[in-house]
Amino acid sequence: YLYIPLGGSRGGKWFTARNLYITMALGGLWHGAAWTFVAWGVYHGTLLAVQRLITGGRKPATDRIEPLVDQLSRAGLWFTEGVRRRILALADES
């Protein structure tokens, strides 16, 4: 509902990266009103935009490595979120 009306992948790689970023940022906002959801969307939008800029929309020669990088980036996000929540929980106990 967002990506295609913004222009999708037409208009070059910078335009496509912008559309991916906006779509994911707004998708994060749609998932919840907390800033953590927006940060989640921006994080994923950034990863998708950088990937599109690097690969130019083509499948890279390193097809086997791409899923690993994807999973590691997601794991990094979930780890960071878990640490943040634990810090906030410890601060509330004090």
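Secondary structure summary: the protein contains four helices and zero strands in total. Sequence-ordered secondary structure for the protein, helices as α and strands as β, is α-α-α-α. Considering the protein as a whole, with its 94 residues, one finds that 22% of them fall into the buried category. For the protein, the proportion of contacts with a sequence separation of at least 24, taken over those separated by at least 6, is 41%. Summing over all exposed atoms, the protein offers an accessible surface of approximately 7,200 Å²; the carbon and sulfur share of this is 68%.

Let's shift gears to the packing of helix α2 (residues 13–31) against helix α3 (residues 35–55). Across the interface, α2 lies against α3 with an axial gap of 7 Å and an inter-helix angle of 160°. Considering the angle they form, α2 stands roughly antiparallel to α3. Crossing of α2 over α3 shows right-handed handedness. On α3, the residues touching Lys13, Trp14, Thr16, Ala17, Leu20, Tyr21, Met24, Ala25, Gly28, Leu29 and His31 of α2 are Phe37, Val38, Trp40, Gly41, Val42, His44, Gly45, Thr46, Leu48, Ala49, Arg52 and Leu53.

Where nonpolar side chains cluster on the molecular surface, the patch consists of Tyr1, Leu2, Leu26 and Leu29 and spans about 490 Å² of accessible area. Tracing the backbone through its elements, the reader meets Leu2 in the segment before α1 (3–6).

Looking at the secondary structure, you find Asn19 in helix α2. Take Asn19: its relative accessible area is 0%, and that puts it in the buried class. Discounting residues that sit within four places of it in the chain, Asn19 has contacts with Tyr3, Leu6, Gly7 and Gly8.

The next point concerns α3. For α3, built from 21 residues, the straight-helix expectation of 30 Å at 1.5 Å per residue is met to within 8% by its first-to-last C-alpha distance of 30 Å. Those residues of α3 that sit buried are Val38, Gly41, His44, Gly45, Ala49 and Thr55. Projected onto a plane normal to the axis of α3, the buried residues spread over an arc of 145° and lie on a single side. With respect to the buried face of α3, the exposed residues turned more than 90 degrees away are Trp35 and Ile54. Two residues or fewer past α3, Gly56 is found with a positive phi of approximately 65°.

The rules behind each value
Residues numbered from 1 in each chain as written. Predicted model: local features only at pLDDT ≥ 70, side-chain atom pairs only at ≥ 80, totals over all residues. Heavy atoms only, no water. Helix = DSSP H or I, 4+ residues; strand = E, 2+ residues; numbered from the N terminus. Buried < 20%, exposed > 50% of the residue type's maximum accessible area, 1.4 Å probe, protein only. Contact = heavy atoms within 4.5 Å. Areas by Shrake-Rupley, 256 points an atom, 1.4 Å probe, with all protein chains shown as cover. Axes fitted to C-alpha atoms, helices over the stretch in contact; angles between N-to-C directions. Parallel < 35°, antiparallel > 145°, perpendicular 65-115°, else oblique. Left-handed = near helix turned anticlockwise from the far one by under 90°. Patch = residues over 30% accessible without salt bridge, like charges linked within 9 Å, V, L, I, M, F, W, Y side chains within 5 Å. Salt bridge = Lys/Arg side-chain N within 4 Å of Asp/Glu carboxyl O. Expected span 1.5 Å × (residues − 1). Arc of directions from axis to C-beta.

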